[in-house]
Amino acid sequence: GAVVSQHPSRVICKSGTSVKIECRSLDFQATTMFWYRQFPKQSLMLMATSNEGSKATYEQGVEKDKFLINHASLTLSTLTVTSAHPEDSSFYICSASMGGDYNEQFFGPGTRLTVL
Amino acid sequence: QQQVKQSPQSLIVQKGGISIINCAYENTAFDYFPWYQQFPGKGPALLIAIRPDVSEKKEGRFTISFNKSAKQFSLHIMDSQPGDSATYFCAAMAGTASKLTFGTGTRLQVTL
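As a starting point, this report considers the structure included with it.

All right, on to the pairing of strand 7 (residues 67-73) of chain A then. Bridge count between strand 7 of chain A and strand 8 (residues 76-81) of chain A: 5 bridges; the pairing is antiparallel. Bridged to A:Ile69 within strand 8 of chain A is A:Leu79.

The next point concerns the packing of aromatic side chains. Evaluated as defined, the whole model comprises 16 aromatic pairs over all chains. Arranged with centres 4.8 Å apart and planes meeting at 45°, the rings of B:Tyr25 and B:Phe33 form a pair that is tilted. When its relative accessible area of 5% is taken as the criterion, B:Tyr25 is described as buried. Since its relative accessible area comes to 0%, B:Phe33 is described here as buried. For the pair B:Trp35 and B:Phe73, a centre-to-centre distance of 5.7 Å together with 70° between the ring planes defines the contact as edge-to-face. Note that B:Trp35 is positioned in strand 4 (residues 33-38) and B:Phe73 in strand 8 (residues 72-77), a separation of 38 residues in sequence. Over the ring of A:Phe67 we find A:Lys66, and its NZ or CZ is 6.0 Å from the ring centre.

Residue and element names in this part refer to chain A. In space, the 4 strands of this open sheet follow the order 1-3-8-7, with antiparallel pairing throughout. In this open sheet, the two strands that pair with only one neighbour each are strand 1 (4-7) and strand 7. Within this sheet the neighbouring strands show an average axis-to-axis angle of 15°, counted without direction.

All right, on to the nonpolar core then. By size, the foremost hydrophobic cluster in this structure holds 25 residues, and its most contacted members are A:Val4, A:Trp35, A:Phe67, A:Leu79, A:Tyr92 and A:Leu113. Counting residues per element, the ones that place at least two in this core are strand 2 (10-13), strand 3 (19-25), strand 4 (32-38), strand 5 (45-51), strand 7, strand 8, strand 9 (90-97) and strand 11 (111-115) of chain A. Leaving out residues up to four positions away in the same chain, A:Phe67 has contacts with A:Arg37, A:Met47, A:Tyr58, A:Val62, A:Leu79, A:Thr80, A:Val81, A:Asp88 and A:Tyr92. Counting residues in hydrophobic clusters, the runner-up holds 24 residues, among them B:Tyr25, B:Ile64, B:Cys90 and B:Val110.

The next point concerns the state of the cysteines. Residue and element names in this part refer to chain A. Per the counting criterion, the structure on display carries 2 disulfides over all chains. With a sulfur-sulfur separation of 2.0 Å, cysteine 23 is cross-linked through a disulfide to cysteine 94. Between cysteine 23 and cysteine 94, the S-S torsion sits near 80°, and that sign places the bridge as right-handed. One end of the pair, cysteine 23, is in strand 3; the other, cysteine 94, is in strand 9, and 71 residues separate them in sequence.

A few words now on the environment of A:Met45. Residues and elements named next belong to chain A. Note on placement: methionine 45 falls in strand 5. Here methionine 45 falls in the exposed class, since its relative accessible area comes to 54%. In this structure, methionine 45 is in contact with Trp35, Tyr36 and Arg37, ignoring residues within four places of it in sequence.

What follows is about the sheet that holds strand 1 (residues 4-7) of chain B. Think of a sheet as strands paired side by side through backbone hydrogen bonds, with each pair either parallel or antiparallel. Residue and element names in this part refer to chain B. Spatial ordering of the open sheet is given by 1-3-8-7-6, a layout of 5 strands whose pairing is antiparallel. Of all strands in the sheet, those with a lone pairing partner are strand 1 and strand 6 (56-59), marking the two edges. Strand-to-strand twist across the sheet, computed as the mean angle between neighbouring axes with direction ignored, equals 15°. Judged from the 4 bridges that link them, strand 1 and strand 3 (residues 19-25) form a sheet pairing that is antiparallel. Among the inter-strand pairings, lysine 5 is bridged to a residue of strand 3, identified as alanine 24.

About the criteria used
Residues numbered from 1 in each chain as written. Chains lettered and ligands numbered in written order. Predicted model: local features only at pLDDT ≥ 70, side-chain atom pairs only at ≥ 80, totals over all residues. Heavy atoms only, no water. Pairing = 2+ DSSP bridges. Helix = DSSP H or I, 4+ residues; strand = E, 2+ residues; numbered from the N terminus. Phe/Tyr/Trp six-rings, centres within 6.5 Å; stacked < 30°, edge-to-face > 60°. Buried < 20%, exposed > 50% of the residue type's maximum accessible area, 1.4 Å probe, protein only. Lys NZ or Arg CZ within 6 Å of the ring centre and 35° of its normal. Axes fitted to C-alpha atoms, helices over the stretch in contact; angles between N-to-C directions. Core = buried A, V, L, I, M, F, W, Y, C linked by side-chain atoms within 4.5 Å. Contact = heavy atoms within 4.5 Å. Disulfide = S-S within 2.5 Å.

Interpretation note: all reported values are geometric properties and have no functional meaning in isolation.
Right, here's the structure in full:
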């Protein structure tokens with residue numbers, strides 16, 4: 001099946017620093033990638049949708065200047081949490097879609113961000 | 001209108017029993033309904049999915065029942081095993097390659 005990887009799997013940073021999370025589709029081209037945030041014992045909340053080569057579409061309430069998304073190629077999307085604060089600590093998960101007539105989204109293993 | 005309501009929040013089932021999780025939606029534009037399984041600290045994995053043109057889909061021990069008129073769908077796990085203990089999410093999508101709307105999740109525990 002299609003595989004999506006995320007790097008790093010876990011990151012701890014100091015408040016005020018920026019953190020970059022990578023999402024890669026390993027064996028398929030992803031025309032669309034999605035970024036989710038999941039707090040403990042809660043559901044996945046969509047943060048933004050990104051299409052290769054174009055600007056990301058952010059969900060209501062998500063600060064686009066704080067969560068920078070770049071989808072530079074058909075296999076790589078990055079999420080940068082700028083000036084991170086403790087309230088940004090969460091589990092960040094990406095998913096990738098082949099697009100076209102395919103509905104299925106393939107999820108990455110997630111990145112645990114802890115901001116001290 | 002974008003919400004997907006899921007119940008129960010948690011479920012305890014004995015080994016060999018049937019686990020049933022229910023979801024309901026409002027948006028009639030939804031036309032793809034997947035179920036995901038998530039273990040702690042991992043990303044969700046697709047279990048099974050259905051489109052509204054069929055009322056039931058079965059894959060191994062997992063069955064989705066779909067009631068279009070009631071705008072409800074459910075996941076049945078037959079012969080539940082301790083390894084099935086995880087959080088299950090229903091979701092819905094309108095159109096292709098579009099965003100998913102997730103239910104609130106059900107924590108399933110299968111006891112020996």
